[in-house]
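Coordinate analysis (summary)
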Amino acid sequence: MSQPRVAIVFGSESDWPVMQKCVAQLREFGEEPFVEVMSAHRNPDRVHEFATCAAETGVQVIIAAAGLSNALAGAIAANTCLPVLGVPLSGGPLSGFDALLSTVQMPPGVPVATFSVDGAKNAALFAVQILAQNDEALAKRYQEFKSAQAEVVARRNKDIQGKLKA
Ligand code: RP5
């Protein structure tokens, strides 16, 4: 089996209900990701090791998700040249607003592309878009995904138009 091109890491096993959507979306495009729970606060040594070695294992994009004070995406971005896609997760008394701010407010020079709170699906799609820049077959699948999505909207609109006439 080929080496994973996408790594998905998240801060706790409790993040799995959201992050499994990320894994599922990537699998729909035939991408089997590397997945690991790691925490910038609880096991920072592992986060450092992962970030510094990810590129040499063949990973091209890293999706990093955490809730509360989300330091994971930033800590990884500090230690790799790979693009890091940050997903702030809801949960906790501030419903993800804390994680959103701590993911998006990176200092100049250390970018993290930040997605919506619990935006695991879009992070996966964005990772596919990045890979598709150098993968014609994947680019074709992505175009088909876009077309299928547009067809669903057109069909739903047709249903509504029919209801308006009834
Ligand atoms: C974050 O703290 C994790 O990503 C999780 O969203 C949150 C709570 O973690 P647990 O206490 O459930 O392990 O670091």
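Attention in this report is confined to the structure presented alongside it.

**Considering the sheet that holds strand β3 (residues 61–67)**
- Across the sheet, which stays open at both edges, the 5 strands sit in the order β2-β1-β3-β4-β5 with parallel pairing between neighbours. Of all strands in the sheet, those bounded by a partner on one side alone are β2 (34–37) and β5 (113–114).
- Pairing between strand β4 (residues 84–89) and β5: 2 bridges, direction parallel. Bridge pairing in β5 links G86 to T114.
- The sheet strands contacting helix α1 (residues 16–28) are β1 (6–10), β2, β3 and β4, and the helix crosses β1 at an angle near 175°.

**Some thoughts on the packing of aromatic side chains**
- Within the structure shown, the criterion is met by 6 aromatic pairs.
- With centroids separated by 5.8 Å and ring planes inclined at 10°, the aromatic side chains of F34 and F50 adopt a geometry described as stacked. Here F50 lies in helix α2 (residues 44–53) and F34 lies in strand β2, a separation of 16 residues in the sequence.
- Under the relative-accessibility criterion, F34 is labelled partly exposed at 27%.
- Note on F50: relative accessible area 5%, which makes it buried.
- Measuring from centroid to centroid gives 5.5 Å for F115 and F126, while their planes differ by 65°, and the two rings are edge-to-face. Taken as a pair, F115 in the loop between β5 and α5 (120–132) and F126 in helix α5 lie far apart in primary sequence, 11 residues in all.

**Focus: the nonpolar core**
- With 27 residues, the main nonpolar core has I8, M19, L26 and I63 as its most contacted residues.
- Counting residues per element, the ones that place at least two in this core are β1, α1, β3, β4, α5 and α6 (136–165).
- Per-element accounting of this core gives the leading share, 8 residues, to α5.
- Not counting residues up to four positions away in its chain, the partners in contact with I8 are M19, C22, V23, L26, P33, F34, V35, E36 and I63.
- Core analysis: the second largest hydrophobic core is formed by 19 residues, A51, I62, A77 and L82 among them.

**Regarding α6**
- A rise of 1.5 Å per residue sets the reference length of α6, with its 30 residues, at 44 Å; its end C-alpha atoms lie 44 Å apart and thus fit the reference within 8%.
- Listing the buried residues of α6 in full gives L138, Y142 and F145.
- Tucked inside the fold, the buried residues of α6 contact α5.
- Between the side-chain oxygen at the start of α6 and the backbone nitrogen of A137 there is a gap of 3.2 Å, and the oxygen is on D135.

Rules behind the numbers
Every chain begins its residue count from 1, and numbering advances along the sequence as written. Confidence filtering applies because this is a predicted model: local features only for residues at pLDDT of at least 70, side-chain atom pairs given and counted only at 80 or more, and all residues used for totals across whole chains, interfaces and linings. By convention in this description, side-chain values take in all heavy atoms of the structure and omit both hydrogens and water. DSSP calls a pair of strands paired once it identifies at least 2 bridges connecting them. Each helix corresponds to a stretch of at least 4 residues labelled H or I by DSSP, and each strand to a stretch of at least 2 residues labelled E; elements are numbered beginning at the N terminus. Two residues qualify as a contact provided that any one of their heavy atoms is within 4.5 Å of a heavy atom in the partner residue. Each axis is a line fitted through C-alpha atoms, and for a helix only the stretch in contact is used; angles between axes span 0 to 180 degrees, taken between their N-to-C directions. Stacked, tilted and edge-to-face pairs are distinguished by plane angle, under 30 degrees for stacked and over 60 for edge-to-face with tilted covering the rest, among Phe, Tyr and Trp rings (Trp via its six-membered ring) whose centres lie within 6.5 Å. Partly exposed residues are those whose accessible area sits between 20% and 50% of the maximum for their type, while under 20% is buried and over 50% is exposed, using a 1.4 Å probe and protein chains only. Within this scheme, the nonpolar core is defined by two criteria: the residues are buried Ala, Val, Leu, Ile, Met, Phe, Trp, Tyr or Cys, and they are joined through side-chain atoms within 4.5 Å. Any helix carries an expected span of 1.5 Å times its number of residues minus one. Pairing of N or O atoms within 3.5 Å defines a polar contact, subject to two protein rules: one partner must be a possible hydrogen donor and the other a possible acceptor, and residues neighboring in sequence count only if both atoms are side-chain atoms.

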